[in-house]
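One-letter residues, chain by chain:
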Amino acid sequence: MTPRHPRRGYLTHAFNHSGSDYLRMAYCLALSLRLTQSTVTGLSVIVPESQDFPARYRDAFDHVIAIPDVRPAFVDRSWRVDNYVRMYDLSPYEESVTVDADTLFFDDVSPWWDVMAEADIVGGTAVTYREEPIAHNPLRKELYRIGLPDLHNGFFYFRRGPVAERLFATMSGYLKDWEGTCARHFGRPDVPFSSDSALLLAIRDNGLEAVAGGPRPGTPHFVHMKACVQGWPGVPESAREWRPYVSYGFDDRLALRIDGTRIGAPFHYHVRDFITEELLVAYESAVRDRLGAA
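Here His268 is to be found in strand S12 (residues 267–268). At a separation of 3.0 Å, a polar atom in the side chain of His268 contacts the main-chain carbonyl oxygen of Asp102. The contact partners of His268, leaving out residues within four places of it in the chain, are Asp100, Asp102, Thr103, Phe222, Val223, His224 and Met225.

Turning our eyes to something else, we now look at the pattern of salt bridges. Side chains bearing opposite charge may pair, as long as their charged atoms lie close to each other. By the definition in use, this model includes 19 salt bridges. Among the salt bridges present, the one from Glu277 reaches Arg56, with a minimum N-O distance of 3.2 Å. Remark: Arg56 occurs in helix H2 (residues 55–58) and Glu277 occurs in helix H10 (residues 277–293); sequence separation between them is 221 residues. Judged by relative accessible area, Glu277 falls into the partly exposed class, the value being 38%. Look at Arg56 and you get partly exposed, because its relative accessible area is 40%.

Another point: helix H1 (residues 22–36). Taking 1.5 Å per residue, 15 residues should reach 21 Å; H1 reaches 21 Å between its end C-alpha atoms and fits that length. By the criterion of burial, H1 is predominantly enclosed, with 15 of the 15 residues buried.

Another aspect to go through is the sheet that holds strand S1 (residues 8–13). The pairing of strands in a sheet comes from backbone hydrogen bonds and takes either a parallel or an antiparallel form. Read across the open sheet, the nine strands follow the order S3-S2-S1-S4-S7-S6-S8-S12-S5; overall the sheet is mixed. Only two strands of the sheet have a single partner each, and these edge strands are strand S3 (64–67) and strand S5 (103–104). Where S1 and strand S2 (residues 43–48) come together, four bridges link them in parallel fashion. Following the sheet pairing, Tyr10 is matched in S2 by Leu43.

What follows concerns the environment of Ala135. Residue position: Ala135 is located in the loop between strand S6 (121–127) and helix H5 (141–145). For Ala135, a relative accessible area of 82% corresponds to the exposed category. C-alpha separation for the pair Ala135 and Gln51, spaced 84 residues apart in sequence, amounts to 39 Å.

Pairing is antiparallel in the open sheet, where three strands are placed in the order S9-S10-S11. One side of each edge strand has no neighbouring strand; the edge strands of this open sheet are strand S9 (248–250) and strand S11 (261–262). By the bridge criterion, three bridges tie S9 to strand S10 (residues 256–258) in an arrangement that is antiparallel. Across the sheet, the residue bridging to Phe250 is Leu256, located in S10.

Analysis parameters
- Per chain, residues are indexed from 1 in the order of the written sequence.
- Only residues with pLDDT of at least 70 are given local features in this predicted model, and only at 80 or more are side-chain atom pairs given and counted; all residues enter the totals for whole chains, interfaces and linings.
- To get the side-chain values, take all heavy atoms of the structure and skip hydrogens and water.
- Each helix is a run of DSSP H or I of at least 4 residues and each strand a run of E of at least 2, with the numbering of both proceeding from the N terminus.
- Pairing of N or O atoms within 3.5 Å defines a polar contact, subject to two protein rules: one partner must be a possible hydrogen donor and the other a possible acceptor, and residues neighboring in sequence count only if both atoms are side-chain atoms.
- Note on definitions: a residue-residue contact is assigned when non-hydrogen atoms from the two residues lie within 4.5 Å.
- Definition used for salt bridges: Asp or Glu carboxyl oxygen within 4 Å of a side-chain nitrogen of Lys or Arg.
- Buried residues are those whose accessible area, probed at 1.4 Å on protein chains only, stays under 20% of the maximum for their type, while exposed residues exceed 50% and partly exposed ones sit between those limits.
- Helix span is expected to be 1.5 Å times the residue number reduced by one.
- A pair of strands is treated as paired once DSSP finds two or more bridges between them.

Note that all results are geometric; they support no functional claim without further evidence.
Here it is as structure tokens:
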């Protein structure tokens, strides 16, 4: 197997809550990276100090970064999205890509890294499972209303340096006065905090909107698998669960097809019970086989 690139790596956070095992998802994400990527295969995970960490998982990660479980009162505890503002300080890499824990990789996207490295920061573009542009995302109405760029932190590249440091410092500052930040940008104080909204507002406040789109449009991109963004008729605007609307399945090589379409781009699946024990064991077995053949 090709050695990991020490300067580059993926970064996620996994704060379990209410029966949702984000650490389990992050573990499967780490296995999928090892199985599919040719150069940058490493993932580091940020977890709360108090959270149990199964020994079975540990070797899959470059670094396990344990932090105190504290949060601002206005942040929804079920998401813990406030941790995103600390990614710059916590990352062990010179070049990082942040990904959500509920993501899997299927094709090798290693060539993206050299393209992204032409800029200091690059935001990911979300697409449907057919890798088509998302025509309508009802969950982003407030962001669209004020003309923020349609970029996501579900795949976000940053290189250590003054540009990214300033960007994340701006986001951290928002946590001290989110109501004031909302009033200044949205004209109202009660827009819910999200890591995407904080990132996009910080991009605007730092004059980085042109830069953040990246040197090559569409690189990177990822499948945003919420039902309400797929363009399906009759789907409620708040619908996240997509499985009732399509057929899907993995083959014996762990390729995923949805209604006959093979998934190639990084796949943000959202549904919290998607990683079954059977699927996890299949990934573990496939990684062992690949390591044994290397």
